[in-house]
Amino acid sequence: EQLMDSGGVSVQSGGSLTLSCTTKRFSLEFYAIGWLRQGPGKEREGVGCISGEDGSTLFANSVAGRFNISKDKTKNAVFLRMINLKPEDTGLYYCGKGRGGRCFAGLSYMDFDAWAQGTQVTVSS
């Protein structure tokens, strides 16, 4: 994979977790970087995205106010910070590189052209 994500673990409901997305192949700075997830028995769902143009972020309604995305240029990394986790947040999370610098409403996997392998997040009640 062109991207590597990590940080997934098992946590209790209400807990917090930060996932990381990095690459050695290119600079993440000017690309939109998104996060998607797929829970057990669920469709793949876009979680959020950070723009490579202006650093603005976009989130799914299901996670707005609880999740945040940030970039660290010095580490060439993007972080998904999750708080107040719920059992329904359980799933395989993976980051993706946008086709350009913009994030698009809908957070479709079609907006991204390279993916990490995924990291498992399990939230127990």
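Residues numbered from 1 in each chain as written. Predicted model: local features only at pLDDT ≥ 70, side-chain atom pairs only at ≥ 80, totals over all residues. Heavy atoms only, no water.

> How would you explain the environment of Y109 if you had to name every residue and give the values?
Mapped onto the fold, Y109 is located in the loop between β9 (91–98) and β10 (112–115). Spatially, the C-alpha atom of Y109 lies 9.2 Å from that of G98, the residues being 11 residues apart in sequence. Dropping the residues within four chain positions of it, Y109 is found in contact with L36, R44 and W115. (Helix = DSSP H or I, 4+ residues; strand = E, 2+ residues; numbered from the N terminus. Contact = heavy atoms within 4.5 Å.)

> Break down the packing of aromatic side chains for me, with residues and values.
A full pass over the atoms with the stated rule returns three aromatic pairs. One aromatic cluster is present, formed by Y94, F112 and W115 through successive ring pairs. The lysine or arginine in question, R44, covers the ring of Y109, its NZ or CZ lying 3.9 Å from the ring centre. When the ring centre of F26 is taken as reference, the NZ or CZ atom of K97 above it lies at 5.6 Å. (Phe/Tyr/Trp six-rings, centres within 6.5 Å; stacked < 30°, edge-to-face > 60°. Lys NZ or Arg CZ within 6 Å of the ring centre and 35° of its normal.)

> Could you give an account of the environment of R102, with specific residues and numbers?
Relative to the elements of secondary structure, R102 occurs in the loop between β9 and β10. The spatial distance from the C-alpha of R102 to the C-alpha of S56 is 9.2 Å, given a sequence separation of 46 residues.

> So, the nonpolar core: which residues are in play, and what are the values?
In this structure, L19, W35, F67, V78, L80, M82 and Y93 are the most contacted members of the largest nonpolar core, which totals 32 residues. The set of elements that each furnish at least two residues to this core consists of β3 (17–22), β4 (33–38), β5 (45–50), β7 (67–72), β8 (77–82), β9 and β11 (119–124). Contacts of Y93, omitting those with residues within four sequence positions, involve D5, L19, W35, L36, R37, V47, F67, L80, M82, G118, T119 and V121. (Core = buried A, V, L, I, M, F, W, Y, C linked by side-chain atoms within 4.5 Å. Buried < 20%, exposed > 50% of the residue type's maximum accessible area, 1.4 Å probe, protein only.)

> Talk me through the pairing of β3; I want residue IDs and the actual numbers.
Where strand β1 (residues 4–6) meets β3, three bridges bridge the pair, whose relative direction is antiparallel. Bridge assignment links D5 to a residue of β3, and that residue is C21. Direction of pairing for β3 relative to β8: antiparallel, over a ladder of six bridges. Counted as the bridge partner of S20 is F79 from β8. (Pairing = 2+ DSSP bridges.)

Function cannot be inferred from these measures alone, as they are strictly geometric.
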